[in-house]
Amino acid sequence: MPEQQFEDLNSGFIQELFEQYLRAPESVDPAWRALFERTPGKLESSPVVQRVRELYPGAANGGNGARAAAEAATPPQLLGAVAAAMALVKAHRMHGHLAARLDPLGSEPPGDPALEPERLEPRLTLELQAQVPARVLRVHVPGETLADALPLLRETYCGTMAYEIEHISRHEERVWLRTAIESGRFRTPLDEDERRMLLRRLTEVEGMERYLRRAFLGQKQFSIEGLDAMVPMLDQAIELAAKDGAHDVVIGMAHRGRLNVLAHTVGRPYDVIIREFEGERLLEAVGSDPEGGSGDVKYHLGAEGLRHTEAGEVRVRLASNPSHLEYVNPVVEGETRAIQTDHKVPEVDHDPRRSLAVLIHGDAAFPGQGVVAETLNLENLPGYSTGGTLHLIANNQIGFTTDPEEARSTRYSSDLAKGFDIPIVHVNADDAEAAIFSIRLAMAYRERFRKDFVVDLVGYRRFGHNEGDEPGYTQPLMYKTIESHPSLREQYAARLVEESVVTEEQAVELDEAVQSAMRQAHEQLKASIEAGTSPQQKEKERIGRGSDVPIETAVDVAILRELNEQLLAVPEGFTVHPKLVKQLDRRRETLGEAGGIDWAQAEGLAFGSLVVAGTPIRLTGQDTERGTFSHRHLVLHDYETGNVYTPLAHLPAASAPVQVYNSPLSEVAAVGFEYGYSVACPAALVLWEAQFGDFVNSAQVMVDQFIVSGLSKWHQSSRLTLLLPHGYEGNGPEHSSARLERFMQLAAQENIRIVNCTTAAQYFHVLRRQALHPKARPLVLLTPKGLLRLKESTSKLDDLGGGSFRQMLDDPRLDEEGRRRAGRLVLCSGKVYYDIVGHAAYQEAEGVAVARLEQIYPFPVAAYDELLSRYPNITELIWAQEEPQNMGAWRAIRHRLEEGLPDEVRLRYVGRPWRASPSEGYPTAHAREQDRIARETLAVY
């Protein structure tokens, strides 16, 4: 190597190390010292020695043996070889996956020139490789020299497993992963019994699919074949999670392979699964009862079962999932977080060892659906972390009919995970043992760092998207290869026969035993169906009945006074922001005769009264700790130190935890997470708050597919509460409406509750009702903006200490005589009430009563009838709303309003006309429209 190249090379790590060696040989690692001393030779003219002499005169004079060391130093060529070897090792760690044999269908990997020693400078011949000590390269594969280590590095990084770990920002994690990967401690070969067990499992997996396909020709089953190793991988993950302390494993996945996971991972008997197929033939599908659930297709249904592991029993739950593929991800994370949290103690006791989340992704969906990125972003956030999720990409190398180059802009489907510092292992799905080893590494990493891990299982899809689909139309070459490609079971059985682990006869007997078990379960089921003795599922609740029963929500005023003081208490030395002190102190005055309890104070008292009674509270959302409108201030920040304190979480008598977190700026994943949390912890009051109500638009899939329909499809109840700021205040089309009409369209069979309160006391009572109601239902709560500080909407302490939530509020200014004389009844909901009664024309409007509909759904028929009975002489009922006529509640409740009216009473709509956009963009136009609505309602023209 020319001297200039040598000088340039040694301007980096090796030069610094060599200079250190010349100054103080004993301070250098023995391996490097041995390298520097290996080849005697004079280096007097070396630029390195000259530089050292300039910098360290003592070394030039032979002080402390440095001159002798310089004379015995390694020639430049060997030092260059060491540098090249280090680059080669780095290339294998960073780019070895490009040369890995990952495709079971045999496509050639692209490779990378940096992985080829003969293309480096200097050229790393075998002779030169044999002179480079392996120890100086910091590799962990066996071998004394690079020549010994390089084949093992190739086998490690370029075999049927490949790794992407060098993007991780934390040095400790990278070093741990390199050591774990190269040492092979998680690739300890399976013993013969374990290999026989693995063959048995693969035979069960393939055998079930084969039987169902033959017995139910043409029915969809979304076979797992081509990714058969996924089931034994889950087996391994559950075993290792149990050893780490887990008593629950929650799995989320789409339809591909779902039936196999239900049978072999969750433990549903074959006859239960076969019954789903026979049910279609015999027209026994769920849904004949108009007041029962609709049910769902068999490959969307969830289930749970107990599994026995060496560490004890583990409950395995497969979450119900609609066809929106990845949208179950945050739901699973929320369920897992709830299971990991102890809700019977006042402090937040979250232990990630208690439960493991496993998410099985599609290779097209993982990079394609934004909910994946939103969910990955939750993982290391304090209020959302589950201590490491195992992500398994079921990589078919195709998305329905779409090839990878049409589906993503990245090389791998897993590349998204790099942005979140997540390690990635790619594994060839035809190497069953390597697939097991990948799970060992993933679970060890989770146990060590409590972070996510991705395993990309690269396989194929033996048939079309479903069993009735012809994949050869769009991927003819791929499916010609697949047709002649042996299954994983066939390959593994042949390997074990060749290695004398099993005999060919034993492999055949295993296969026949699985077919026999499936056939026997099927025949017994058919016989029981014909005899009318088949086991029926237990009768489910009739979901449309009994969800609106009276609940005691009042709290003794003495308790409320005590709670109020505790909610205002801060630790000694804690400095509340000066501007906030007066606002908080005012909450003491509001308990007096004059009243003035606003929405934030009423909310805090509702939460506090629930927590001391043992109801856990979880409130998350966008800027929720303070509140979008700077009204809540549940979490206080010390003005001097920045420390935070949440009085609600430190109530002396609390017997349940309080969790208040700002969410990331996400709707779909944040809402899905809270839905999952509420499902797994039905005793908790779980609330999600949007910054503005229309932000829930971005979570529409969660609303449609889970929140409003989960009860009907899966008998999965939730008391998730959505706090959606709603009201027309001149802020434009996007910050006015929570899109009430959409929720009304989705409301049926009392599946949800929709409320639009107009007083702080009503808010207090509805929160307590939601937490204490025996029939858990989601609550859509249209919350105010301007009313948060409107004096007329405040309440007195006695309003909280007595009464309950009222579904309708009559006109408070009218007595019985005034109601008898009224000729017009105006019914409205929410903030528009104050616009009407606050209008200048209201005081002169005679014969007009203004009532409020507080609960919009389920529509309070009895309360409505009672209201009408108080107004015997009205000739007109007006429904007034701020929203356009094609929005809001009008179109959904019109028939309800008409049903209770006498024939002589006319029903009329007052509000904005039909519009494509919810509201005006200019404040002046808004003010005119609000004025028009109020004047028309009051008959002032």
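Residues numbered from 1 in each chain as written. Predicted model: local features only at pLDDT ≥ 70, side-chain atom pairs only at ≥ 80, totals over all residues. Heavy atoms only, no water.

K.L.:
How should I be thinking about the sheet that holds strand β14 (residues 658–662) in this particular structure?
P.N.:
Backbone hydrogen bonds are what pair the strands of a sheet, in a parallel or an antiparallel way. Taken together, the seven strands give an open sheet; going across it, the order is β14-β11-β15-β16-β18-β17-β22, and neighbouring strands pair in mixed fashion. The sheet is open, and its two edges are formed by β14 and β22 (855–857), each paired on a single side. Within this sheet the neighbouring strands show an average axis-to-axis angle of 20°, counted without direction. In this sheet, strand β16 (residues 721–725) lies alongside strand β15 (residues 685–689) in parallel orientation, the contact comprising three bridges. Each residue of the ladder has a partner; that of Glu689, found in β16, is Leu723. The strands that helix α25 (residues 599–612) touches are β11 (617–621), β14, β15 and β16; relative to β11, the one it contacts most, it runs at about 145°. (Pairing = 2+ DSSP bridges. Helix = DSSP H or I, 4+ residues; strand = E, 2+ residues; numbered from the N terminus. Axes fitted to C-alpha atoms, helices over the stretch in contact; angles between N-to-C directions. Contact = heavy atoms within 4.5 Å.)

K.L.:
Looking at this structure, I do not really get the nonpolar core. What am I missing?
P.N.:
Proteins that are soluble and globular tend to have nonpolar side chains buried together. Core analysis: the largest hydrophobic core is formed by 110 residues, its most contacted members being Leu124, Trp176, Leu177, Ile360, Leu441, Val455 and Leu457. The biggest single contributor to this core is helix α19 (residues 432–449), with 11 residues. Apart from residues lying up to four places away in sequence, Leu177 is in contact with Ile165, Ile168, Pro423, Leu441, Tyr445 and Phe453. Membership of the second largest hydrophobic core comes to 84 residues, among which are Val250, Ala669, Tyr675 and Leu868. (Core = buried A, V, L, I, M, F, W, Y, C linked by side-chain atoms within 4.5 Å. Buried < 20%, exposed > 50% of the residue type's maximum accessible area, 1.4 Å probe, protein only.)

K.L.:
Looking at this model, I keep getting lost on the packing of helix α11 (residues 192–215) against helix α12 (residues 230–243). Mind explaining?
P.N.:
Helix-helix packing is described using two parameters, namely the angle between the two axes and the distance between the axes. Where α11 meets α12, the axes come as close as 9 Å, and the angle between the chain directions of the two elements is 130°. By the criterion of interaxial angle, the relationship of α11 to α12 is oblique. Two packed elements cross with a definite hand, and for α11 against α12 that hand is right-handed. Residue-level inspection shows Leu198, Arg201, Leu202 and Val205 of α11 in contact with α12, the latter providing Val231, Pro232 and Asp235. Of the residues assigned to the contact of α11 with α12, the class counts are five nonpolar, no polar and two charged. (Parallel < 35°, antiparallel > 145°, perpendicular 65-115°, else oblique. Left-handed = near helix turned anticlockwise from the far one by under 90°. Nonpolar A, V, L, I, M, F, W, Y, C, P; charged D, E, K, R; others polar.)

K.L.:
Any chance you could explain helix α34 (residues 861–869) here in plain terms?
P.N.:
Think of an α-helix as turning once every 3.6 residues; residues three or four places apart then point the same way. Of all the residues in α34, the buried ones are Ala863, Tyr864, Leu867 and Leu868. Within α34, the buried residues cover an arc of 135° as seen down the axis, which keeps them to one side. Within α34, the exposed residues directed more than 90 degrees away from the buried face are Ala862 and Ser869. Turning to α34, the residues buried within the fold contact β19 (808–809), β20 (824–828), β21 (848–853), β23 (876–884) and α35 (890–899). (Arc of directions from axis to C-beta.)

K.L.:
Even after reading the chapter, I still don't get the pattern of salt bridges, so can you show me in this structure?
P.N.:
Once their charged atoms are close, side chains differing in charge can pair, the charge on each being opposite to the other. Evaluation of the coordinates by the stated rule reveals 56 salt bridges. Of the charged contacts in the structure, one is a salt bridge between Arg196 and Glu192, with a shortest N-O distance of 3.8 Å. One end of the pair is Arg196 and the other is Glu192, both in helix α11 and four residues apart, which spans about a single turn. What emerges from the salt-bridge pattern is a single network uniting Arg824, Glu876, Arg906, Arg908, Arg912, Arg915, Glu920, Glu929, Arg932 and Glu936. (Salt bridge = Lys/Arg side-chain N within 4 Å of Asp/Glu carboxyl O.)

K.L.:
How do you make sense of the side chain of Arg256 when you look at a structure like this?
P.N.:
Looking at the secondary structure, you find Arg256 in the loop between β2 (248–253) and α13 (258–266). Summary of buried charges: Arg256 has no salt-bridge partner, and the nearest side chain of opposite charge, Glu467, is 4.9 Å away. A polar side-chain atom of Arg256 sits 2.7 Å from the main-chain carbonyl oxygen of His465. Not counting the four nearest positions on each side in its chain, Arg256 is found in contact with Phe222, Ser223, Met230, Asn396, Arg461, Gly464 and His465. (Lys, Arg positive; Asp, Glu negative; His and termini not counted. Polar contact = N/O pair within 3.5 Å; in protein donor to acceptor, adjacent residues only side chain to side chain.)

K.L.:
Explanation requested: α11 in the structure shown.
P.N.:
The end-to-end C-alpha separation of α11 is 34 Å, in line with the 34 Å expected for 24 residues at 1.5 Å each. With a side-chain oxygen positioned 3.1 Å from the backbone nitrogen of Asp193, the residue opening α11 is Asp191. (Expected span 1.5 Å × (residues − 1).)

K.L.:
It is not clear to me how a negative patch on the surface should be interpreted in this structure. Could you clarify?
P.N.:
Negative charge collects at one region of the surface, where Glu504, Glu505, Glu509 and Glu512 lie side by side. Mapped onto the elements of the fold, Glu512 is located in helix α22 (residues 504–531). (Patch = residues over 30% accessible without salt bridge, like charges linked within 9 Å, V, L, I, M, F, W, Y side chains within 5 Å. Areas by Shrake-Rupley, 256 points an atom, 1.4 Å probe, with all protein chains shown as cover. Charge placed at Lys NZ, Arg CZ, Asp CG, Glu CD.)

K.L.:
Before we go on, may I ask you to explain the environment of Ala429 in this structure?
P.N.:
With respect to the helices, strands and loops of the structure, Ala429 is situated in the loop between β9 (424–428) and α19. It is 51 Å that separates the C-alpha atoms of Ala429 and Tyr857, two residues lying 428 residues apart in sequence.

K.L.:
What should I look at first to understand the packing of aromatic side chains in this one?
P.N.:
For any pair of aromatic rings, geometry is given as the distance between the ring centres together with the angle between the planes. Taken as a whole and judged by the stated rule, the model has 17 aromatic pairs. Ring geometry for Phe629 and Phe692: centres 5.6 Å apart, planes at 85°, overall edge-to-face. Taken as a pair, Phe629 in the loop between β11 and β12 (636–637) and Phe692 in the loop between β15 and α27 (700–707) lie far apart in primary sequence, 63 residues in all. Clustering of aromatic rings is evident, with ring pairs tying together Trp176, Phe186, Tyr445, Phe449 and Phe453. Directly above the ring of Trp176 sits Arg185, whose terminal nitrogen or CZ lies 5.5 Å from the centroid. (Phe/Tyr/Trp six-rings, centres within 6.5 Å; stacked < 30°, edge-to-face > 60°. Lys NZ or Arg CZ within 6 Å of the ring centre and 35° of its normal.)

K.L.:
What is the right way to look at the sheet that holds strand β8 (residues 390–395) in this model?
P.N.:
Spatially, β1-β9-β10-β8-β7-β2-β4-β3 is the arrangement adopted by the eight strands of the open sheet, whose pairing is mixed. Looking along the sheet, the strands with just one partner apiece sit at the ends: β1 (161–164) and β3 (303–309). When strand polarity is set aside, the average angle formed by the axes of neighbouring strands in this sheet is 20°. With six bridges connecting them, β2 and strand β7 (residues 355–362) associate as parallel partners. Bridge assignment links Met253 to a residue of β7, and that residue is Ile360. Sheet strands touched by α12: β2, β3, β4 (312–318), β7, β8 and β10 (453–458). Its angle to β3, the strand with the most contacts, is close to 65°.

K.L.:
What am I meant to see in unusual backbone geometry here?
P.N.:
Glycine aside, negative phi is the norm for most residues, and most peptide bonds take the trans geometry. Residue Pro122 is reached from Glu121 by a cis peptide bond, and omega for that bond is 0°. Inspection of the secondary structure puts Pro122 in the loop between α7 (76–95) and α8 (126–129). A cis geometry characterises the amide bond from Tyr857 onward to Pro858, with omega recorded as -10°. Counting through the fold element by element, Pro858 comes out in the loop between β22 and α34. At Arg138, a residue that is not glycine, the phi angle is positive and equals roughly 55°. Along the polypeptide, Arg138 turns up in the loop between α8 and α9 (146–157). For Gln397, which is not glycine, the phi torsion reads 65° and is therefore positive. Within the element layout of this structure, Gln397 appears in the loop between β8 and α18 (404–407). Given the relative accessible area of 19%, Gln397 is considered buried.

K.L.:
Got a minute to help me understand the packing of helix α10 (residues 171–183) against α19 in this structure?
P.N.:
With their axes 11 Å apart at the nearest point, α10 and α19 run at an angle of 145° to one another. Relative to α19, the crossing made by α10 is right-handed. Touching Glu172, Glu173, Trp176, Leu177, Ala180 and Ile181 of α10 are Leu441, Ala444, Tyr445, Arg448 and Phe449, all from α19. Taken together, the residues of the contact of α10 with α19 sort by class into eight nonpolar, no polar and three charged.

K.L.:
Just checking my understanding: could you explain empty space enclosed by the protein for this structure?
P.N.:
To find leftover empty space, one rolls a probe the size of a water molecule over the atoms. The full count for this structure, using the stated rule, is eight cavities of 30 Å³ or more. Every residue lining the largest cavity is counted, 15 residues in all, and those nearest its centre are Leu567, Arg587, Arg632, His633 and Leu634. Elements with a contribution of two residues or more to the lining of the largest cavity: α23 (557–568), α24 (578–589) and α25. At four residues, α25 tops the list of elements feeding residues into the lining of the largest cavity. Split into classes, the residues belonging to the lining of the largest cavity amount to eight nonpolar, four polar and three charged. In this structure, the second largest cavity occupies an estimated 140 Å³ of space. In terms of lining residues, the second largest cavity is bounded by 20 residues, among which His726, Asn756, Ser829, Gly830 and Glu883 are the most central. (1 Å grid on protein atoms, 1.4 Å probe; cavity = no way out; pocket = protein on both sides within 12 Å on 5 of 7 lines; lining within 4 Å. Points joined across faces, edges and corners; volume = space filled by probe spheres on them.)

K.L.:
Sorry, what's going on with the pairing of β3 here?
P.N.:
Across a regular strand the side chains alternate sides, sitting on one face of the sheet and then on the other. By the alternation rule, side chains of β3 split into Ala303, Gly305, Arg307 and Thr309, which are all buried, and Glu304, Leu306 and His308, of which none is buried. Remark: two residues form the turn of the hairpin made by β3 and β4, two consecutive strands paired antiparallel.

K.L.:
For this particular structure, what's the right way to read the environment of Thr628?
P.N.:
Assignment of secondary structure puts Thr628 in the loop between β11 and β12. Dropping the residues within four chain positions of it, Thr628 is found in contact with Gln622, Asp623, Ala690, Gln691 and Phe692.

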